[in-house]
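Summary of the model geometry
Here are the chains, one letter per residue:
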Amino acid sequence: MADEFEVEPSLTEIVTHESLKWIFVGGKGGVGKTTSSSSIAIQLALHNPKKNYLLISTDPAHNLSDAFDQKFGKEARVVDGLSNLSCMEIDPSSSLEEFAANSGQDPNDPLSGVMTDITSSIPGIDEAFSFMEVLKHIKNQKAEDATTVKYDTIVFDTAPTGHTLRFLQLPSTLEKLLGKFNEISGKLGPLMSMMGGDQKAEMFNKLAEVKAQVQEVNKQFQDPELTTFVCVCISEFLSLYETERLIQDLMKYNMDVNSIIVNQLLFADDDECKRCQSRWKMQRKYLDQMDELYEDYHLVKMPLLGNEIRGVENLKKFSKFLIDPYDPKKHKDVVFSIEER
Amino acid sequence: MLNSTVVYLATFLTLLTNVISLISHQAIKSKIFGAYSKLTASGKYKELQALKHKQIQINRERNSISAQDNYAKWVKLNRQFDKLATQITELERSLAAQKFKVDGFSDLALKIITILPINGLKLWYSRKELIFLPNGLFPWYVESFVLNFPWLSRGSVGLIVWLYCVDKIFWILVDAFKLAFLEEKLAKPVHPSENASKVKVKVEPKKTK
């Protein structure tokens, strides 16, 4: 960074970063997280054609498919038109069934059904399964096998409910969970053997293995050269306050946050619409406060376009402004140039 | 030990135990903790006071400005407030831990003082005849079966019976004192009908046929 006093309002640093492996994109619901995370992934892919990128959605609502206008699933699929970007949508409920089937339990057995029900209602279980995908990928990264696809950076489109933080807290939670599990199985000894059978010892070994992997991931998530979090918000009080709280919590977990994307800005200085002018005035009030409050952060200001941003071409147009800041005088035409899908 | 020494010591210990239970263990523990913290941790308490005072000031300032209009300032005050809150909880936690340790220690000390010596004495001297009554002071059946409880010789009194009497007399005197000089504050009894007016229950007149 040549100029130490001026932090540039763009995500260039992230897009051109050599060593970043994990990028989290999060914020309270409805602020444009999916659009932002897709835009970031697209810019990464466009800037570094030789590298491979993966965009994972941990939201059970299948929003990546809607954003790219292409069907994705729990296996990573390449985006049409961008060969080095793949998307994956993790569906926690089907993952759970798969997990149960893999552990050798008959799905029709009522007892195992109870176990499945209990497991699926553990808070954060969605995050746990996406986390397992993460672990799988880390294992793949380390594997020398040429057939498994390796990704240089993984972008996470997090769920809107703020479970992101629980996801990040997973390593320490899992440790506690494992401890409790040991305690309980010690007490319920004979009962457990009735339900689990010989699988108990196997399960323990697997859990210990998972714990070690989880600690490794935790270490990576706290390294600012490997992981970063991008906050997405809109220029309104509630969203900004939520972002502030999110940033404070992330700092507690030692996760690097240095970028904030402010979406749905009107830039209505030269507009004739009175409503837009009034709203823009309110947004600008908060934007000025944000500039003062987050001096050390990359504050990226994204415009509200005339149409929904769906499909790779539209996302490409929109994502340009992450790198080249939107100037209402220069880029006015984009607002109404979004094609309808 | 001389019989008289045993009797005096045991009486003293019993009276001490009773006085301690009168004052209540809790009061004694808090007094001990108060003295201890005055000696060692008064600095921390002053610090806690200062932090809390500062927090109240910040809160007042924060409530006086509009969050929407001065968002940046409001958020900065918020951050200060949260930082102080964590400092305060940390300080309170360490003080509570200290209190727990001191309380545990005084609890143990009290228990040892009130239980060990007296029971030790009782065990050791239970079969010893300690006090000899003048002949014919009490009827024969009292002297032979009651006063010399652990089957001591007639006319003698052992430690257990003596201490029982001391204990009983102590509490009788305490009750007499309370009755004569202390007035207990009783809650004013409320007439049931006063409560009934607050409770909405439909009362229907009895229909006599």
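About the thresholds
Residues numbered from 1 in each chain as written. Chains lettered and ligands numbered in written order. Predicted model: local features only at pLDDT ≥ 70, side-chain atom pairs only at ≥ 80, totals over all residues. Heavy atoms only, no water. Phe/Tyr/Trp six-rings, centres within 6.5 Å; stacked < 30°, edge-to-face > 60°. Helix = DSSP H or I, 4+ residues; strand = E, 2+ residues; numbered from the N terminus. Buried < 20%, exposed > 50% of the residue type's maximum accessible area, 1.4 Å probe, protein only. Lys NZ or Arg CZ within 6 Å of the ring centre and 35° of its normal. Salt bridge = Lys/Arg side-chain N within 4 Å of Asp/Glu carboxyl O. UniProt positions renumbered as here; feature names shortened; annotations may be inferred. Contact = heavy atoms within 4.5 Å. Axes fitted to C-alpha atoms, helices over the stretch in contact; angles between N-to-C directions. Parallel < 35°, antiparallel > 145°, perpendicular 65-115°, else oblique. Nonpolar A, V, L, I, M, F, W, Y, C, P; charged D, E, K, R; others polar. Buried area = accessible area lost by both parts, 1.4 Å probe. Pairing = 2+ DSSP bridges.

Quick look at the packing of aromatic side chains now. Scanning the entire structure with this criterion turns up 17 aromatic pairs over all chains. Consider the rings of Y286 of chain A and Y71 of chain B, whose centres lie 6.0 Å apart with planes at 90 degrees: the pair is edge-to-face. On the criterion of chain membership, the pair formed by Y286 of chain A in helix α11 (residues 274-293) and Y71 of chain B in helix α4 (residues 71-125) is interchain, its members lying in two chains. Neither residue differs from the other here; Y286 of chain A and Y71 of chain B are each classed as buried. Linked through ring pairs, W22, F24, F156, F221 and F229 of chain A together constitute an aromatic cluster. Above the ring of F33 of chain B, the side-chain terminus of K99 of chain B is found at 5.5 Å from the ring centroid.

Attention now goes to the pattern of salt bridges. Residues and elements named next belong to chain A. Inspection of the entire model under this criterion finds 18 salt bridges over all chains. One salt bridge connects D69 with R310, and the closest N-O pair in it is separated by 3.2 Å. One end of the pair, D69, is in the loop between α3 (63-68) and β3 (77-79); the other, R310, is in the loop between β8 (298-303) and α12 (312-323), and 241 residues separate them in sequence. Residue D69 is classed as partly exposed on the basis of its relative accessible area, which comes to 37%. K316 is the partner of E313 in a salt bridge, and the nearest nitrogen-oxygen pair spans 3.8 Å. Residue E313 and its partner K316 are located together in helix α12, separated by 3 residues, close to a single helical turn. You can call E313 partly exposed: its relative accessible area is 46%. Judged by its relative accessible area of 21%, K316 falls in the partly exposed class. Connected through salt bridges with shared partners, the residues K28, E242 and R245 form a single ionic network.

This part is about the UniProt feature "transmembrane region" (unreviewed entry) in chain B. According to UniProt, the feature "transmembrane region" (unreviewed entry) maps to residues 6-23 of chain B in the numbering used here. Secondary structure across residues 6-23 of chain B comprises 100% helix and 0% strand; the distance between its end C-alpha atoms is 26 Å.

Here we come to the environment of M132 of chain A. Residues and elements named next belong to chain A. Counting through the fold element by element, M132 comes out in helix α6 (residues 125-142). Taking the relative accessible area as the measure of exposure, M132 reaches 36% and is therefore partly exposed. Taking C-alpha positions, M132 is 24 Å from I184, a pair spaced 52 residues apart along the chain.

Okay, the side chain of E244 of chain A next. Here E244 of chain A is to be found in helix α10 (residues 237-252). Leaving out residues up to four positions away in the same chain, E244 of chain A has contacts with Y294 of chain A together with Y71, V75 and R79 of chain B.

A word on the packing of helix α2 (residues 33-47) of chain A against α12 of chain A. Residues and elements named next belong to chain A. Running from N to C, α2 and α12 point in directions that differ by 85 degrees, and their axes come no closer than 8 Å. On the basis of their axis angle, the class for α2 and α12 is roughly perpendicular. Contact residues: α2 offers T35, S38, S39, I40, I42, Q43, L46 and H47, while α12 offers V312, L315, K316, F318, S319, K320, L322 and I323. A class-by-class count of the residues in the contact of α2 with α12 yields 8 nonpolar, 6 polar and 2 charged.

Glancing now at the interface of chain B and chain A. Chain B puts 12 residues into the contact, and the matching count from chain A is 11 residues. Ranking the residues of chain B by area buried against chain A places Q68, Y71 and R79 of chain B at the top, with a combined share of 53%. Along the contact surface separating chain B from chain A lie 3 salt bridges. Its salt-bridge partner being E244 of chain A, residue R79 of chain B comes within 2.8 Å of it at the nearest N-O pair.

Our next topic: the environment of L48 of chain B. Residues and elements named next belong to chain B. With respect to the helices and strands, L48 occurs in helix α3 (residues 42-64). In this structure L48 comes out as buried when scored by relative accessible area, which is 10%. Each C-alpha atom of the pair L48 and R127 lies 58 Å from the other, and the pair is 79 residues apart in sequence. Apart from residues no more than four positions distant in its own chain, L48 is found in contact with I88, L91, E92 and L95.

Turning next to the sheet that holds strand β1 (residues 22-26) of chain A. Residue and element names in this part refer to chain A. One open sheet holds the 8 strands; their spatial order is β3-β4-β2-β5-β1-β6-β7-β8, and the pairing between them is mixed. The two strands at the open ends of the sheet, each matched to only one other strand, are β3 and β8. Recorded for the sheet is a direction-independent mean angle of 25 degrees between the axes of neighbouring strands. Direction of pairing for strand β6 (residues 227-234) relative to strand β7 (residues 257-265): parallel, over a ladder of 6 bridges. Looking across to β7, one finds that V230 is bridged to S259. Of the strands in this sheet, β3, β4 (82-89), β7 and β8 are in contact with α12, which crosses β8 at around 140 degrees.

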